[in-house]
Amino acid sequence: MKELNLGQAAALTSPDPLVLVCTEKEDGSPNMAPVSFFMYASFHPPMLAFAMGKGSNSGENIRRTGKAVLAAPGSSLADAVMAYGAVSGGKTDKLKETPIAIQKVAGSGIPIPEDCRAAFVVSLSQTVECGDHYLYLCSVERVLGDESREALFAWNGYAKVAPAQEKKD
């Protein structure tokens, strides 16, 4: 074995779970940002954690509002997920530049993609400084799912997104 940096290790341990952190901007418009630094933190009480770069617009949004919806994007959203990860929502209206079909979630004013395998309505419990990221520990208020949808995963440290098992042509 050879010594690796963390990014190289992430590529070796693919696929990674992938969620779109759906938040509300200061002007009330929606923002979505892909994150693979995501994990279940507790079943009792139900909690999730995710990490985002300190300068991320979605991070600013959840710290300001205390609310988000973490949505596991469906396979039809591969191009949109890559586009949303390439720009900051603070400078770009991602949903205008790369439109997708969205839906309302009961119990939240934050829209999510229509093509979504699971959605977690969360409230921020704690923010922890973690190197160049913030770790967001969130209480889960509601969980919704659609087993008929095929979820996307991050591969090779975000080099691409695809289902966990790629279909052969």
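Residues numbered from 1 in each chain as written. Predicted model: local features only at pLDDT ≥ 70, side-chain atom pairs only at ≥ 80, totals over all residues. Heavy atoms only, no water.

**A short note on the sheet that holds strand β6 (residues 67-73)**
Pairing is antiparallel across the open sheet formed by seven strands, whose spatial order is β3-β2-β6-β9-β10-β5-β4. Because the sheet does not close on itself, it has two edges, and the strands there are β3 (30-35) and β4 (38-42). In this sheet, adjacent strand axes meet at a mean angle of 35 degrees when their direction is disregarded. Across three bridges, strand β2 (residues 19-24) lies against β6 in antiparallel orientation. Each bridged residue has a counterpart across the sheet, and for Val-21 the counterpart in β6 is Leu-70. Lying over the sheet, helix α3 (residues 78-86) contacts β2, β3 and β6, oriented at roughly 100 degrees with respect to β3. (Pairing = 2+ DSSP bridges. Helix = DSSP H or I, 4+ residues; strand = E, 2+ residues; numbered from the N terminus. Axes fitted to C-alpha atoms, helices over the stretch in contact; angles between N-to-C directions. Contact = heavy atoms within 4.5 Å.)

**Quick notes on the side chain of Lys-94**
Locating Lys-94 in the fold gives a position in helix α4 (residues 94-97). Here Lys-94 sits buried without a salt bridge, and the closest side chain of opposite charge, Asp-93, lies 9.5 Å off (N-O distance). If we skip the residues at most four places from it in the chain, Lys-94 touches Asn-31, Met-32, Ala-33, Tyr-84, Val-87, Ser-88 and Gly-89. (Buried < 20%, exposed > 50% of the residue type's maximum accessible area, 1.4 Å probe, protein only. Lys, Arg positive; Asp, Glu negative; His and termini not counted. Salt bridge = Lys/Arg side-chain N within 4 Å of Asp/Glu carboxyl O.)

**Quick look at the pairing of strand β10 (residues 133-145)**
Of the strand pairs in this sheet, strand β5 (residues 47-53) and β10 are connected by seven bridges, and their pairing is antiparallel. Bridge pairing in β10 places Gly-53 opposite His-133. As defined by bridge partners, strand β9 (residues 116-130) adjoins β10 across twelve bridges and the pair is classed as antiparallel. What sits directly across from Ser-123, in β10, is Ser-139. Hairpin remark: β9 followed by β10, antiparallel, with two residues in the connecting loop; positive phi at Gly-131, about 60 degrees.

**What to know about helix α2 (residues 57-65)**
When α2 is considered as a whole, its buried residues turn out to be Asn-57, Ser-58, Gly-59, Asn-61 and Ile-62. Against the buried residues of α2 lie β2, β3, β5, β6, β9 and β10.

**Describing unusual backbone geometry**
Each neighbour pair has its own omega, and for His-44 with Pro-45 the value is 0 degrees, a cis peptide bond. Position of Pro-45 among the secondary structure elements: in the loop between β4 and β5.

**Considerations on the sheet that holds strand β1 (residues 16-17)**
In space, the three strands of this open sheet follow the order β1-β11-β12, with antiparallel pairing throughout. The open sheet has two free edges, formed respectively by β1 and β12 (160-162), since each of these has just one partner strand. Of the strand pairs in this sheet, β1 and strand β11 (residues 153-155) are connected by two bridges, and their pairing is antiparallel. In the sheet register, Asp-16 faces β11, and the bridge partner there is Ala-154.

**Considering the packing of aromatic side chains**
What the rule picks out here adds up to five aromatic pairs. Each ring, one from Phe-38 and one from Tyr-40, has its centre 5.7 Å from the other, and the planes form 70 degrees; the classification is edge-to-face. Judged by its relative accessible area of 12%, Phe-38 is buried. The class of Tyr-40 is exposed, set by a relative accessible area of 52%. Ring geometry for Tyr-40 versus Phe-120: centroids 6.0 Å apart, planes at 75 degrees, classification edge-to-face. Residue Tyr-40 is located in strand β4, and its partner Phe-120 is located in strand β9; the two are separated by 80 residues in the primary sequence. We classify Phe-120 as buried; its relative accessible area is 7%. Through successive ring pairs, a cluster of aromatic residues spans Phe-38, Tyr-40 and Phe-120. Over the face of the ring belonging to Tyr-134 we find Lys-54, whose NZ or CZ atom lies 5.6 Å from the ring centre. (Phe/Tyr/Trp six-rings, centres within 6.5 Å; stacked < 30°, edge-to-face > 60°. Lys NZ or Arg CZ within 6 Å of the ring centre and 35° of its normal.)

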